[in-house]
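# Report on the structure
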Amino acid sequence: MKLFHVDASAKREWSNSRALSRHFIDLLKAHKPELEVDYLDVSVDTPAHVDELFTIATYTPEAQRTPAMQQALEASDALCARLLAADAYVFAMPMYNFSMPSSFKAFIDNIVRTNLTYKIGEDGSYVGKMADKALFITTRGADLRPGKPLGGMDALTPALRAAFGFLGVAAPTFVDAQPLTFSAAEEREAALVRAKTELAAIAGRWVGT
Ligand SMILES: Cc1cc2nc3c(=O)[nH]c(=O)nc-3n(C[C@H](O)[C@H](O)[C@H](O)COP(=O)(O)O)c2cc1C
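Heads up: these notes are all about the structure in this document. (Residues numbered from 1 in each chain as written. Predicted model: local features only at pLDDT ≥ 70, side-chain atom pairs only at ≥ 80, totals over all residues. Heavy atoms only, no water.)

Okay, the nonpolar core next. L83, F91, M93, F104, F107, L160 and F164 are the most contacted members of the largest nonpolar core, which totals 30 residues. The set of elements that each furnish at least two residues to this core consists of β1 (2-7), α3 (67-85), β3 (88-94), α4 (102-111), β6 (134-139) and α5 (156-166). Every residue in contact with F104, bar those within four places of it in the chain, is listed here: V6, A8, V42, F91, M93, L160 and F164. (Core = buried A, V, L, I, M, F, W, Y, C linked by side-chain atoms within 4.5 Å. Buried < 20%, exposed > 50% of the residue type's maximum accessible area, 1.4 Å probe, protein only. Helix = DSSP H or I, 4+ residues; strand = E, 2+ residues; numbered from the N terminus. Contact = heavy atoms within 4.5 Å.)

As structure tokens, then:
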């Protein structure tokens, strides 16, 4: 298994999403020490925002791209290659203002590429090229689980499902740790325990124990 692990929290030392994704990788490595991990921290190596040349280049057939267009797509090409080289993914991020960190959105904008990470079939259907093995670890300050007062305001999960579903991740796994900030200490502790219990079960499935 070759894993692509992406963290996106702006926090370094005290980030819960980073701690949980590291915990999950450690669980996998305990069973598979040979596990190959490609790591990207998009809060440090933030992919560029889409600019005008990128928008033109990405929809210009490869053979017709000018050197400037090729250059505009170079970093995105490299990210797509890393994505396609993996057969499993761990994406960890906090919820920011009900959706994803902008660094992770920039990552998505760089990896959704026609004829690279998805193809359009002759019948007009879209075929994603990612492996269908992805874990999303999200951390939230509030509790947005169904039935809670903010339960209807989770714009993060549907956005991730749509973008990665388009790229071929038909059955993603989500571990959403919440509430981690705006609650009593016992609730925060319970949320982390819940998340770690879920991660242990998923790690077991991934390594086949
Ligand atoms: C800019 C910003 C926006 C946030 N927006 C939300 C939000 O919309 N909903 C929420 O539940 N928590 C929100 N939070 C809280 C974080 O999601 C929460 O603290 C999370 O655990 C942070 O994860 P991290 O420790 O990996 O950085 C926000 C935090 C920041 C810094």
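Back to the text.
As for its placement among the helices and strands, R65 is situated in the loop between α2 (52-58) and α3. Notably, R65 is buried but unbridged: the nearest opposite-charge side chain belongs to E62, and the N-O separation is 4.9 Å. Of the polar contacts made by the side chain of R65, one reaches the backbone oxygen of T60; its length is 2.9 Å. If sequence neighbours within four positions are ignored, R65 has contacts with A57, T58, T60, Q70, L73 and R113. (Lys, Arg positive; Asp, Glu negative; His and termini not counted. Salt bridge = Lys/Arg side-chain N within 4 Å of Asp/Glu carboxyl O. Polar contact = N/O pair within 3.5 Å; in protein donor to acceptor, adjacent residues only side chain to side chain.)

According to the stated counting rule, one finds ten salt bridges in the structure shown. D154 is the partner of R140 in a salt bridge, and the nearest nitrogen-oxygen pair spans 3.3 Å. Here D154 lies in the loop between β6 and α5 and R140 lies in the loop between β6 and α5, a separation of 14 residues in the sequence. A residue is classified by how much of its surface remains accessible, and D154, at 18% relative accessible area, is buried. In this structure, D143 engages K148 in a salt bridge whose closest nitrogen and oxygen atoms are separated by 3.9 Å. By relative accessible area, which is 13% here, D143 ends up buried.

Our focus in this paragraph is the site of the ligand. Taken together, 19 residues form the shell around the ligand, and within it S9, S15, S17, M95 and F98 come nearest. Here an oxygen atom of the ligand and a side-chain polar atom of T139 are 2.8 Å apart. Notes on the ligand: free accessible area 640 Å², of which the protein chains cover 78%. Considering only residue class, the shell around the ligand consists of nine nonpolar, eight polar and two charged. (Near = heavy atom within 4 Å. Areas by Shrake-Rupley, 256 points an atom, 1.4 Å probe, with all protein chains shown as cover. Nonpolar A, V, L, I, M, F, W, Y, C, P; charged D, E, K, R; others polar.)

Here the focus is unusual backbone geometry. Between Q178 and the following residue, P179, the backbone shows a cis peptide bond with an omega angle of 0 degrees. Along the chain, P179 falls in the loop between β7 (173-177) and α6 (185-207). Even without glycine at this site, N97 takes up a positive phi of about 45 degrees. Mapping N97 onto the fold places it in the loop between β3 and α4.

Strand order in this open sheet of five strands is β2-β1-β3-β6-β7, and the pairing throughout is parallel. Looking at strand neighbours, the two that pair on one side only are β2 (36-41) and β7, the edges of this open sheet. Between one strand axis and the next, the sheet turns by 15 degrees as a mean value, whatever way the strands run. Of the pairings in the sheet, the one linking β3 to β6 comprises six bridges and is parallel in character. Within the sheet, the bridge partner assigned to M93 lies in β6 and is T138. In the packing of α5 onto the sheet, the strands contacted are β3, β6 and β7, and the crossing angle to β6 comes to about 160 degrees. (Pairing = 2+ DSSP bridges. Axes fitted to C-alpha atoms, helices over the stretch in contact; angles between N-to-C directions.)

The next point concerns a nonpolar patch on the surface. A contiguous nonpolar surface patch, about 230 Å² in accessible area, is contributed by F98, L150 and M153. Its location among the elements puts L150 in the loop between β6 and α5. (Patch = residues over 30% accessible without salt bridge, like charges linked within 9 Å, V, L, I, M, F, W, Y side chains within 5 Å.)

Distances and angles like these do not, on their own, reveal function.
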